[in-house]
Amino acid sequence: MSAAALFDPLAELYERYAEINDEVYRPWLTAALDAAGPGARAADLGCGTGRFAGLLADRYDSVVAVDVSARELELARARHGRPGVTYERRSLLDVTPAADGRFDLVLSVNTIFHLRDHDRVLPHVRDLVAPGGRAVLVDIVSPAGPPAGPLRHRWYGVQDAARTLRRRRAPADAWLVLRIRQHPTWMLHAATNRPLSRERFHQAYGAAFPGAEFTDSLDPFVCALTWRRPG
Ligand SMILES: C[S@@+](CC[C@H](N)C(=O)[O-])C[C@H]1O[C@@H](n2cnc3c(N)ncnc32)[C@H](O)[C@@H]1O
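Residues numbered from 1 in each chain as written. Predicted model: local features only at pLDDT ≥ 70, side-chain atom pairs only at ≥ 80, totals over all residues.

## A look at the environment of Y17
Next up, step 1: Within the secondary structure, Y17 sits in helix α2 (residues 11–32).
Next up, step 2: When the C-alpha atoms of Y17 and L176 are compared, they prove to be 7.1 Å apart, with 159 residues separating the residues in sequence. (Helix = DSSP H or I, 4+ residues; strand = E, 2+ residues; numbered from the N terminus.)

Structure below.
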C-alpha cells in the first residue's frame, strides 16, 4: 500500500491529535535541543504536519523537513511555514550524506517505527549526523512486547483517550483521541507496524548510537534519546 494511502487519510485528524499530545513531547524536546551556532543545519525526518519546525527554526539556520505524505506536507507548509525551513516530499531513506550533506541535528519523532527495518534505518539515521552533531530521536514502543492484535489496539486507544481526559480535562480532546485511534487507517497501521518493546528499543538504539542517553518517562508508549556523534 502506498504511503499516501497510509498517511494522507489521517492527516487532518493527526494534526489535531499531535496538538493534543504536544505537551508530552515539547518540554522534553525544548530541553534536549541545544542552541546552535551560525550556519547550523537540522533535519526533521518524518516531519508530519510540521509541528516541530518552529522549535528547529528558532535554533538552526536551515531545516530540511521530509515526509512521504503529500497531505501532511500541505498542512505543514500552510501552518508551520518558516524562513529557513524547506519541506520536501521524500522518504527519510532518500536523505543521504551524498545528496544532502550531514546535519548538526537530526530529529525524528514517532516515525522510524513505521519503517520497521531498524537494522537498516538506525545506521542510516546515524550516518546523517555530522561529527560533533546530535541525534534527538523519539519513537513508539510497544508495552506488550510481541505484536498486539486489533482488540488490544482498540483498548490502547481507549486508554489513550482516558489519559488525555485526565491530563487535559477536555472531553472534546479525549473524543478526538478515541476517534483517531479507532480509525480504519490507524487500525491498518496497528496491524502492520511492529514497534519494539522498550527493552529491545534500548538494545537496538544503544547499539546504533553508543552512549546515547535514554528517557523512558514521557509516555508508556514512547522512548526518547539524545546522542552526540564524536567530533
Ligand atoms: C506518527 S507521524 C509523526 C509526525 C511528526 N514527526 C510528529 O511528531 O508530529 C509519522 C510520520 O512519518 C511519516 N513517514 C512514514 N514513513 C516515512 C518515510 N519513509 N520517510 C519519511 N517520512 C515517513 C508519515 O507520513 C507521518 O507523517
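Picking up where we left off.
## A word on the UniProt feature "domain: Methyltransferase type" (unreviewed entry) in the protein chain
Next up, step 1: The UniProt record marks residues 44–136 with the feature "domain: Methyltransferase type" (unreviewed entry), using the residue numbering of this structure.
Next up, step 2: Counted over residues 44–136, helix gives 37% and strand 30%. Its end C-alpha atoms are 10 Å apart. (UniProt positions renumbered as here; feature names shortened; annotations may be inferred.)

## Considering the environment of R59
Next up, step 1: The topology assignment puts R59 in the loop between α3 (53–57) and β2 (62–67).
Next up, step 2: Given 18 C-beta atoms within 10 Å, R59 falls into the partly exposed group.
Next up, step 3: For the pair R59 and P143, spaced 84 residues apart in sequence, the C-alpha separation works out to 34 Å.
Next up, step 4: With residues near it in sequence (within four places) discarded, R59 still touches L33, A35 and A36. (Buried ≥ 20, exposed ≤ 12 C-beta atoms within 10 Å, placed from the backbone. Contact = placed C-beta atoms within 7 Å.)

## Focus on the domain arrangement of the protein chain
Next up, step 1: Assigned domains of the protein chain: these are domain 1 (3–144 + 194–228) and domain 2 (148–192).
Next up, step 2: For domain 1 and domain 2, the distance between their C-alpha centroids amounts to 22 Å.
Next up, step 3: Each partner contributes to the interface: domain 1 provides 10 residues, whereas domain 2 provides 13 residues.
Next up, step 4: Per-element accounting of the side of domain 1 that touches domain 2 gives the leading share, 5 residues, to α2.
Next up, step 5: For the side of domain 1 that touches domain 2, the per-class residue count stands at 8 nonpolar, 1 polar and 1 charged. (Domains from an automatic or database assignment. Nonpolar A, V, L, I, M, F, W, Y, C, P; charged D, E, K, R; others polar.)

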